[in-house]
Amino acid sequence: MSTPTDRPDKDLTRSRNSFLGDAWVNFKRWNLKAVRNPFVLVVSLAQPVIFLVLFTEVFGNVAGAAVNQGIPGISYETYLVPAITIQVALAAAITSGIGLVNDIENGMFEKVLVSPMNRTAVFLGKTAAEMFRIAIQVSIILGLGVALGTDVTTGPAGAIGIVAVGMLFSLWFLALSNSLAVLTRDQESTIIAANLLQFPLLFLSTAFLPLDSLPGWVQTFATYNPVTYGVDAARSLMLDRDVMTVLDVTAFGGTLDGVIPGVVVLLALDLLLGAVAVFLLSRASSSQAR
Amino acid sequence: MPQQRGASTEPRTEREPADDRAAAVDAEGLRLTYSDGTEAVRGVDLRVPEGEFFGFLGPNGAGKTTTIKVLATLLAPTGGTVRINGFDVTERPRAVRSTIGYMAQETSVDEELTAAENISFACEAYGVPRSERADRIDDLLDLVDLADVADKEASEFSGGMKKRLDAATALVHEPPLVFLDEPTTGLDPKARNRLWEYFRRINDEGTTIFLTTQYLEEADQLCEQLAVILDGAIEARGSPADLKREVGGEILDVELADDARERAAAIARDFEAFADATVDVSDDGITVTSPVARQYGTDLLVALRDAGLTVTGFNVRAPTLDDVFLAITGEELDRETEGSA
């Protein structure tokens, strides 16, 4: 039946993959999927855009006054746009776990595990694709903000900074979303759990109103809410002034006093939740009998 | 009854002795105990030489899929040693992965990607050189007959088309060994035949195939060697012909009315020529398994008529793998969607 000469040459281990190559393959796959399924892209943009319009139209006058007590002379739109960029990052990060659950359900997760690709590179590629998408979405919101007459005071460099803050902010929620996905292995549970977190996190922060004008217990929550750190860092860049009130840092001078503490807090959170997600993912993909 | 882990007692003339060939699959004392204490696989020895078309049979829950997942590095064995293409599954899992193709029981395709994109992703996952990729994708699409829908998203495909696409993605790196876990379950006969043809072809080209199936006819048609697993242990092994021989002769099916079956069975058991035969009451009569079923079958029919029983039909036939399976496991292989392939 078989003749040994027919065999492929003896270099049986024919995988020529490199770590970055494996990451790139998965980066491409997830980008392709995002393009194929623009619905997810549009919906995760639509909600924040609706917020931007509704909030400025309905609460603009009232909230604008509250904002101007602390920061005189800015419109509520200008105040809100950085918060909406963070909301976009949050909304987009929620869908990350859904992609993972889908992969587990349709067998692609196992298919990837049985391939010789480096598993860390596989998840890195997926995460990079999602952060890439988030960068584009945050840029769209900033563009929309400019179209609505707001101004990124720090210019193009500041705009890039806001995008970077959005990506940094998304990472801890990406990790959380994937952790939920691995734990529940169920699409609906993942969506519900992640969505349930979204609104309390947004409202109990400095996203829509300054810290001073929030009720006491909300202030307390906001002080420990990651959204506050993302929003304040983005807003400091938007307004070119230190608007971070939860941490009083003066070491860097000016705007950076509002940006750097936020970035540091987000980095620490990313590392912590990233480690949890990596642990859960490697447990799920390790070849141990469950 | 088939012998325990016995090769046939008769000399194998149709093939070279297995041990001259290198082992594609070499498992000794393979065990897998789940963390809840379930012993899914209890000390299985398997040796599949390179180039063989090997069939792994057993009822649902017997340990087929668990075994295949250990062989494919998706589960770590809790005991024994497993070498695939010469690489130990626990020490060199990535070497094992790059030298095997694996088709899971559940169809695994990315439905948001087109057929060509699915194969392309697999090519990249397995490090197929860029220069060969385009040709490889075209060849595989032709092979599984999906060339005309290459750029359609897999979500639009029928179950059979997805299975074929799944099969193509398992073969992008021309692996010397392919694991197929019930590859044709749920397919219509036409799609199933097409996959069979395809598996035969790659086997003819030298690929070792490790197949599990619910369709005994499939095993009979395709496999050179079989092993039957029951409750996590191998119960029988040999070529389909060996196993059928071990059933012990030919089978006489006699159709009788309901109330006549027990009496007929008693008469058959007392029948002198069938003293060593196995007599069973079946769904529509009795079956007699005996080396002399053909010679003395008519005599038994006469004896039944003389006893006043009405025989409504009869047939003498060679044993099938269904009979083998029944003899080994005491149950018929359950088949949710038995087609007429």
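Along each chain, residue indices are assigned from 1 in the same order as the chain's sequence is written. Chain letters start at A and ligand numbers start at 1, both assigned in the order the entries are written. Selection of residues for local features in this predicted model requires a pLDDT of at least 70, selection of side-chain atom pairs for listing and counting requires 80 or more, and totals for whole chains, interfaces and linings are taken over all residues.

Draft legend 1. Quick look at the overall build of chain B. Across its full length, chain B carries 11 helices and 14 strands. With the C-alpha coordinates aligned to their principal axes, the bounding extent of chain B is approximately 80 × 45 × 45 Å. Think of it as a crowd count around each C-beta: if 20 or more other C-beta atoms lie within 10 Å the residue is buried, if 12 or fewer it is exposed, and in between it is partly exposed, with C-beta placed from the backbone throughout. Residues counted as buried form 49% of the 341 residues belonging to chain B. Placing a C-beta atom from the backbone of each residue, one calls two residues in contact when those atoms lie within 7 Å. Relative to all contacts within chain B whose residues are 6 or more apart in sequence, the contacts with residues 24 or more apart total 71%. Here a strand is any run of E in DSSP of at least two residues, a helix any run of H or I of at least four, and the numbering for each starts at the N terminus.

Draft legend 2. Looking closely at unusual backbone geometry. Of note, R185 of chain A is a non-glycine position whose phi angle comes to about 50 degrees, a positive value. Relative to the helices and strands, R185 of chain A resides in the loop between α6 (155–184) and α7 (187–203). Classification of R185 of chain A by C-beta neighbours within 10 Å gives partly exposed; the count is 15. Positive phi, close to 60 degrees, is recorded for D145 of chain B, a residue that is not glycine.

Draft legend 3. Representation of the domain arrangement of chain B within the structure. Where a domain begins and ends is set by an automatic assignment or by a domain database. According to the domain assignment, chain B contains domain 1 (18–239) and domain 2 (250–318). For domain 1 of chain B and domain 2 of chain B, the distance between their C-alpha centres works out to 42 Å.

Draft legend 4. Representation of the packing of helix α8 (residues 240–248) of chain B against helix α11 (residues 321–329) of chain B. Residues and elements named next belong to chain B. Axes here refer to lines fitted to C-alpha atoms; in helices the fit is confined to the stretch in contact. Angles between the N-to-C directions go from 0 to 180 degrees. Closest axis-to-axis distance for the α8/α11 pair is 9 Å, and the angle between their directions is 60 degrees. With respect to α11, the axis of α8 lies oblique. The way α8 lies across α11 gives a crossing that is left-handed. Seen from α8, the contacting residues are P240, L243, K244 and V247; seen from α11, they are L321, D323, V324 and A327. Three residue categories are used. Nonpolar comprises Ala, Val, Leu, Ile, Met, Phe, Trp, Tyr, Cys and Pro, charged comprises Asp, Glu, Lys and Arg, and polar comprises the others, including Gly. When the residues that make up the contact of α8 with α11 are grouped by side-chain class, the tally is six nonpolar, no polar and two charged. To sort the angles, those under 35 degrees are grouped as roughly parallel, those over 145 as roughly antiparallel, those from 65 to 115 as roughly perpendicular, and the leftovers as oblique. Each crossing gets its handedness from the near helix: less than a right angle anticlockwise from the far helix is left-handed, clockwise is right-handed.

Draft legend 5. Local environment of the sheet that holds strand β4 (residues 79–84) of chain B. Residue and element names in this part refer to chain B. A sheet is described by the order of its strands in space; here four strands give the open sequence β2-β1-β4-β5, paired in antiparallel fashion. Lying at the two open borders of the sheet, with one neighbouring strand each, are β2 (39–49) and β5 (87–88). As defined by bridge partners, strand β1 (residues 23–33) adjoins β2 across eight bridges and the pair is classed as antiparallel. By the bridge assignment for β2, D26 is matched with R47. Together, β1, β2 and β4 form the strand contacts of helix α1 (residues 64–71), whose direction differs from that of β1 by roughly 120 degrees. We treat two strands as partners when DSSP finds at least two bridges between them.

Draft legend 6. Inspection of the pairing of strand β12 (residues 278–281) of chain B at higher detail. All names here are of chain B. Where β12 lies against strand β13 (residues 285–290), four bridges are found, and the strand directions are antiparallel. Looking across to β13, one finds that V281 is bridged to I286. Counting the residues that bridge the hairpin from β12 to β13 gives three residues.

Draft legend 7. Structural context of the packing of α6 of chain A against helix α9 (residues 226–239) of chain A. Residues and elements named next belong to chain A. Packing of α6 against α9 leaves a shortest axis separation of 8 Å and a crossing angle of 175 degrees. Overall, the two elements α6 and α9 adopt an arrangement that is roughly antiparallel. Note on element contacts: α9 touches α6 through P226, G230, A233, A234, L237 and M238, opposite G158, G161, I162, V165, G166, F169 and W172. Of the residues assigned to the contact of α6 with α9, the class counts are nine nonpolar, four polar and no charged.

Draft legend 8. Examining the sheet that holds β12 of chain B more closely. All names here are of chain B. As summarised here, the arrangement of the four strands in space is β12-β13-β11-β14, forming an open sheet in which the pairing is antiparallel. Each edge of the open sheet carries a strand with a single partner, namely β12 and β14 (311–317). Within this sheet the neighbouring strands show an average axis-to-axis angle of 15 degrees, counted without direction. Packing of helix α10 (residues 293–306) onto the sheet brings it into contact with β11 (250–256), β13 and β14, and relative to β14 it is tilted by some 170 degrees.

Draft legend 9. The pairing of β13 of chain B, seen in detail. All names here are of chain B. In terms of residue burial, β13 counts as a mostly covered element, since six of its six residues are buried. In this structure, β11 lies alongside β13, joined through six bridges in antiparallel fashion. Note that in β13 the partner of L252 across the bridge is V288.

Draft legend 10. Region of interest: the environment of V138 of chain A. All names here are of chain A. Mapped onto the secondary structure, V138 falls in helix α5 (residues 119–147). Taking the number of C-beta atoms within 10 Å as the measure of exposure, V138 has 30 and is therefore buried. Measuring from C-alpha to C-alpha, the distance between V138 and A164 comes to 9.3 Å, with 26 residues separating the pair along the chain. Residues within four places of V138 in sequence aside, it is in contact with T85, V88, A89, I162, V163 and G166.

Draft legend 11. Representation of the environment of N102 of chain A. All names here are of chain A. Take N102: it is sitting in helix α3 (residues 76–105). For N102, a count of 18 C-beta atoms within 10 Å puts it in the partly exposed group. Each C-alpha atom, one on N102 and one on S205, is 32 Å from the other, the two residues being 103 residues apart in sequence.

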